[in-house]
Amino acid sequence: SFDTKQISAGISSFVFHAFTSRPDLSFNHVFARIWQFTFGMIACLKILIDNRDGGHGQEETIFLDTSESSKKLKWDNNLFKTYSNSILIITIAITFYSTPINPLIARLFEIYNVVLNKTFTNYDQVEIQNRLWQKNDFVQLAIPNIGVWVGRNHRPGSSGNGTLKFMILGSSTMANLAPLIQDECGPKAKEISQVTFPCICRYQPCFKACEPVFPTQSWHCTKQFGEYLEAVRDEKPDYLLMGGRFMSMGDPLAENITNIDFDPFLAVARDQLEEYMKHVSKKIILLHAFPRPVIEEVEKLAQHFREKMTPEEIDASLSLFKLIVDSFEKGYNIAKQRYDILLKECGAKCDYIDYTKIFHNPETNTVRYFNDIGLSYFTSGLHLTPIALEIARPDIKELCSKL
């Protein structure tokens, strides 16, 4: 049977789950996940020992050396207590005193396109890798040593030698870019704060992420729109890096508007950008609008290659079926136009990150969201995959070098 300490631990776990654990954070909460695993192991060992202690039949026990059995049982119980105490100490230590990996060491494990391609021998393996990236998509957004990415947080692990305050702000798109920004801008930072919110939908699938320059027309985005500005006012960063997938910024012009200068969407975005500028001492970096991937087709990339379609053939189909990249007329063109105006009016106080440049394919003069063997650059959550992040790294590094 379980003793009082173990029962108390179980009750405390239930109380944490029932009354203090937030559903949008608990899955990615490092301490919660380690706690769950730890107590699963402790319970398993306890049951095994109890079964061993109580499972001997009467006929069997008369042949046992009582002294040896007692010693063995005592050793098992001591082992159980030692394991239980040790694993709890380790749990607390790695949760509250963990040290982030030095980026220079971490880069030894980076995934590079050429090296990665050579590790695959067939398209089944490519499909499995793409699916693994889908499976781990939102788990990988979690901030190291914190275990969450939703809300306002400070990213640990800055070198401490920098003098600048950075803020990363926006939807999960910016949470996806945050580790790359920290890697490349981190040496100049004394502090990196992150304010990112998830897509929240009453119904699935969910694609209504909240834009930081316009209150995306979704029931939850008005509140988050205000929280974005409040966070910038509070933190007063030197550099603000912000963005998200275009949503309302890609809505068409109203029928009665022929001049984009009178566009109400653009007017709101201008005002919001000006408000941000009041509280940013040096520069705002925007994630520019980028063509939407067609997720249903991205998930079939390996299948297209298995059917002997070449990358060029898939690219050629863009003009007909928009196989991998959605039609530019479905929001991208007008979103790009609005962002271009914002950046032009902002002048030297603004810069931008441009996926259309990073993933540009000169042969077709458009974007390509997959590599030469069918590895996807986007997940089904519309986040960059690890291989795509490495392709984006040189551009982020160049950007950070100029700050």
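Counting restarts for each chain: residues are numbered from 1 in the order of the written sequence. Per-residue local features are limited, in this predicted model, to residues with pLDDT of at least 70; the limit for side-chain atom pairs, both in listing and counting, is 80 or more; totals at the level of whole chains, interfaces and linings are taken over all residues. Derived side-chain values reflect all non-hydrogen atoms in the structure, with water molecules and hydrogen atoms excluded from consideration.

Visitor: Looking at this structure, I do not really get the state of the cysteines. What am I missing?
Guide: In a disulfide, the sulfur atoms of two cysteines are covalently bonded to one another. Our working definition of a disulfide is a cysteine sulfur pair at a distance within 2.5 Å. Considering all chains together, one arrives at two disulfides under this definition. Across the disulfide from Cys-185 sits Cys-400; the S-S distance is 1.9 Å. Its S-S torsion of about -75 degrees marks the bond between Cys-185 and Cys-400 as left-handed, since a negative value means left-handed. Taken together, the residues span a long stretch of sequence, with Cys-185 in helix α9 (residues 172-185) and Cys-400 in helix α18 (residues 386-401) at a distance of 215 residues. Throughout this description, buried means an accessible area under 20% of the type-specific maximum (1.4 Å probe, protein chains only), exposed means over 50%, and partly exposed covers the range between. Given a relative accessible area of 1%, Cys-185 falls into the buried group. What makes Cys-400 buried here is its relative accessible area of 3%. The disulfide partner of Cys-346 is Cys-350, and the S-S distance across this bridge is 1.8 Å. Runs of H or I in DSSP of at least four residues are treated as helices and runs of E of at least two as strands, each being numbered from the N terminus.

Visitor: It is not clear to me how the packing of aromatic side chains should be interpreted in this structure. Could you clarify?
Guide: Note on aromatic pairs: each is described by the distance of the centres and the angle between the planes. Only the six-membered ring of Trp is used, alongside the rings of Phe and Tyr, when aromatic pairs are assigned; centres must lie within 6.5 Å, and planes under 30 degrees apart are stacked while those over 60 apart are edge-to-face, with the rest tilted. Applying the stated criterion across every chain, the model contains 13 aromatic pairs. Where Phe-290 meets Tyr-355, the ring centres are 4.7 Å apart and the plane angle is 45 degrees; that geometry is what we call tilted. In this pair, Phe-290 sits in the loop between β5 (283-287) and α12 (295-298) while Tyr-355 sits in helix α17 (residues 355-358), placing the two residues 65 residues apart along the sequence. Like Tyr-355, Phe-290 is buried. Aromatic side chains Phe-359 and Tyr-377 sit 5.4 Å apart centroid to centroid with 35 degrees between the ring planes, which places their arrangement in the tilted category. Pair noted here: Phe-359 is in the loop between α17 and β7 (360-361) and Tyr-377 is in the loop between β8 (366-367) and α18, with a separation of 18 residues, a long-range link. Note on Phe-359: relative accessible area 3%, which makes it buried.

Visitor: I keep staring at the sheet that holds strand β2 (residues 164-170) and nothing clicks. Help me out?
Guide: Two strands in a sheet stick together by hydrogen bonds in their backbones, pointing the same way (parallel) or opposite ways (antiparallel). The rule for pairing is simple: two strands pair if DSSP sees at least two bridges between them. Within the open sheet, the six strands sit side by side as β1-β3-β2-β4-β5-β6. Their pairing is mixed. Of all strands in the sheet, those bounded by a partner on one side alone are β1 (151-154) and β6 (350-353). Neighbour to neighbour, the strand axes of the sheet diverge by 20 degrees on average, direction disregarded. Relative to strand β3 (residues 189-196), β2 runs parallel, the two being bridged by seven bridges. By the bridge assignment for β3, Met-167 is matched with Ser-193. Packing against the sheet, helix α10 (residues 221-235) makes contact with β1, β2, β3 and β4 (239-243), and its axis sits at approximately 175 degrees to β2. Here an angle of 0 to 180 degrees is reported between the N-to-C directions of two axes, which are lines fitted to C-alpha atoms, with helices fitted over the stretch in contact. Here a residue-residue contact requires only that any non-hydrogen atoms of the pair lie within 4.5 Å.

Visitor: Is there a simple way to explain the pairing of β4 in this structure?
Guide: One face of the sheet, then the other: side chains in a regular strand alternate in exactly this way. For β4, the buried fraction is high: five of the five residues fall into the buried class. What you see with β4 is no split at all: Tyr-239, Leu-241 and Gly-243 on one side and Leu-240 and Met-242 on the other are buried throughout. Pairing geometry for β2 and β4, over five bridges, is parallel. Counterpart to Phe-166 in the pairing with β4 is Tyr-239. Looking at chain direction, β4 and β5 are connected through four bridges and run parallel. Bridge pairing in β5 places Tyr-239 opposite Lys-283. When the strands point away from the viewer, a crossover counts as right-handed if the route from the first strand across the helix to the second turns clockwise. Remark: the β4/helix α11 (residues 264-278)/β5 crossover connection has right-handed handedness.

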